[in-house]
Amino acid sequence: MLGKNRVIFPGDKVLLALSGGPASSAMLRQVQEGLSRETAKRLRFIPGLIYVDEGAVRGQSPAQREESLARMETLLQATGFPYHLAHLEQALELPASILRPGPGGSGEPGPSYKEAVEGFIQQQRQEGDGDGGTSLPSLSTRVGDPPAPRLPAAARTQELLRLFEAVETPTAREELLQMLRIHLILQTARTRGYTKVMTGESCTRLAIKLLTNLALGRGAFLAVDTGFVDNRHGDVMVVRPMREYMAKEIAFYNHFFDVPTVIAPPLPTKRREKPSIHRLMERFLLGLQEDFPSTISTVYRTGEKLSPAPAKASSESQRCLLCLCALDIAGEEELALEPTLITEEPEGNGCCQDTAAAGAESRAAFIPLLCYSCRLTFKELGPLATLPPYVRAEAQRRIRRAEMEQQSQEVPLEDEEPGGS
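Residues numbered from 1 in each chain as written. Predicted model: local features only at pLDDT ≥ 70, side-chain atom pairs only at ≥ 80, totals over all residues. Heavy atoms only, no water.

Asker: Would you mind showing me how to read the sheet that holds strand S6 (residues 237–239) here?
Answerer: Whenever strands of a sheet pair, they do so through backbone hydrogen bonds, lying parallel or antiparallel. Reading across the sheet, the six strands line up as S3-S2-S1-S4-S6-S5 and stay open at both edges, with mixed pairing between neighbours. Both edges of this open sheet fall to strand S3 (83–87) and strand S5 (229–230), since each of them pairs with a single strand only. In this sheet, S3 lies alongside strand S2 (residues 46–53) in parallel orientation, the contact comprising five bridges. In the strand pairing of S3, Ile-50 is matched with His-84. Helix H2 (residues 22–35) rests against strand S1 (13–18), S2 and strand S4 (196–199) of the sheet, and its axis sits at about 150° to S1. (Pairing = 2+ DSSP bridges. Helix = DSSP H or I, 4+ residues; strand = E, 2+ residues; numbered from the N terminus. Contact = heavy atoms within 4.5 Å. Axes fitted to C-alpha atoms, helices over the stretch in contact; angles between N-to-C directions.)

Asker: Just checking my understanding: could you explain the nonpolar core for this structure?
Answerer: One finds Leu-160, Phe-164, Leu-180 and Leu-321 to be the most contacted residues of the largest nonpolar core, which totals 54 residues. When contributions to this core are tallied by element, the ones reaching two or more residues are S1, S2, helix H5 (154–165), helix H6 (170–192), helix H14 (372–379) and helix H15 (389–420). Of the residues forming this core, the biggest block, nine residues, is contributed by H6. Once residues within four sequence positions are removed from consideration, Leu-160 is found in contact with Ala-56, Val-57, Leu-88, Glu-89, Leu-92 and Leu-180. Grouped together as the second largest cluster of nonpolar side chains are 29 residues, Val-31, Leu-35, Leu-69 and Met-242 included. (Core = buried A, V, L, I, M, F, W, Y, C linked by side-chain atoms within 4.5 Å. Buried < 20%, exposed > 50% of the residue type's maximum accessible area, 1.4 Å probe, protein only.)

Asker: How do you make sense of H5 when you look at a structure like this?
Answerer: Because each turn of an α-helix spans 3.6 residues, side chains separated by three or four positions in sequence point in the same direction. A rise of 1.5 Å per residue sets the reference length of H5, with its 12 residues, at 16 Å; its end C-alpha atoms lie 16 Å apart and thus fit the reference within 8%. Residues Thr-157, Leu-160, Leu-163 and Phe-164 constitute the buried set of H5. For H5, the angular spread of buried residues about the axis comes to 120°, placing them on one side. Along H5, the residues that are exposed and aim more than 90 degrees away from the buried face are Ala-154, Ala-155 and Glu-165. Those residues of H5 hidden inside the fold are in contact with helix H3 (62–79) and H6. (Expected span 1.5 Å × (residues − 1). Arc of directions from axis to C-beta.)

Asker: Explain the packing of aromatic side chains here, please?
Answerer: The geometry of two aromatic rings is summed up by the distance between their centres and the angle between their planes. Applying the stated criterion across every chain yields a total of three aromatic pairs. Where Phe-366 meets Phe-378, the ring centres are 5.3 Å apart and the plane angle is 10°; that geometry is what we call stacked. With a gap of 12 residues between them, Phe-366 in helix H13 (residues 354–366) and Phe-378 in helix H14 connect regions that are remote in the sequence. The positively charged end of Lys-13 is found above the aromatic ring belonging to Tyr-194, 4.7 Å away from the centroid. Directly above the ring of Phe-9 sits Lys-196, whose terminal nitrogen or CZ lies 6.0 Å from the centroid. (Phe/Tyr/Trp six-rings, centres within 6.5 Å; stacked < 30°, edge-to-face > 60°. Lys NZ or Arg CZ within 6 Å of the ring centre and 35° of its normal.)

Interpretation in functional terms is not warranted from these geometric data alone.
Below you can see the structure in the form of structure tokens.
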């Protein structure tokens, strides 16, 4: 996949997002083999690893989280690559800038792949690397971050649990977890100087995600959500090199090569008969796959034909606050979007308390900043006070900016009236 698409240039710093599951573990094994000196077509990028601990929201006890972290850190240390251990609680401390595309997304085109290879070879010759391989970081930087407490503070964990407990549906809970995870990985990539992020999503997982996103109203963004390249963040590109491998193929590969994995439990749910849309689609597709073996590949190949153009936004005001895709709200009266807007209005009407009215107004102010799918998810995220601080801060900034732009457009009209009279 990397050789066919050529989006990762020699010398790039690439962050591998590992979950411990079969697909990401197989991806790590492939990268290790590709970087070895015995490989004929050797990879030339500089790798780094990140593992996000989600045990708090997955129902694990502190002892279980400690055990999972210890097992995962042992696997990361064995690779010899720089690694970073992160906790989902750290997402509550992210800056508001994480919801803005970084520089470089819409600038002038960079060098071609051929130019990047020639520059990399010249750099290696200047550094005296006879074999022309990718120089890994020194031993002092291979051990990861400085020693820190294994688990975050209990107060942070409780704040994260309150955030997820306030969410009304399992579907919104899954969406919130995905959002916090990718934002945390993106922040680590930006602060550590990585320009690319690899995720281990298999063909099976992407086919499930494609149908799930269709059910969630994200049809316009399927090419970005499931394609090989995701450029919505501007300065950091997300690539999915495992997207052509079926889950069954990955399972056989891990079995034959003894690839170790760390399986995380699913999100707990109180309604076993009606889980999230994500789980329903997974059961539906895997059930069809048993009787019709071409189901997964057919769905996957259909998604490959989609264009990422509808997801591109021309300005900040046309970009969704949460997913950074274009606002697909043109012609609201013709879409299923209109009922979602109407249900927001009565919140502030039948109540005389100023605090409740202010809360309803601020909540309604979020709605124009979101795309159709994110509006549906936002309605189920609970009170505004439980939302991550960086989301509220960025929303307030964009609301103030929109108000200032509207005021600046109205001022010239007021100044023209005295002159005309």
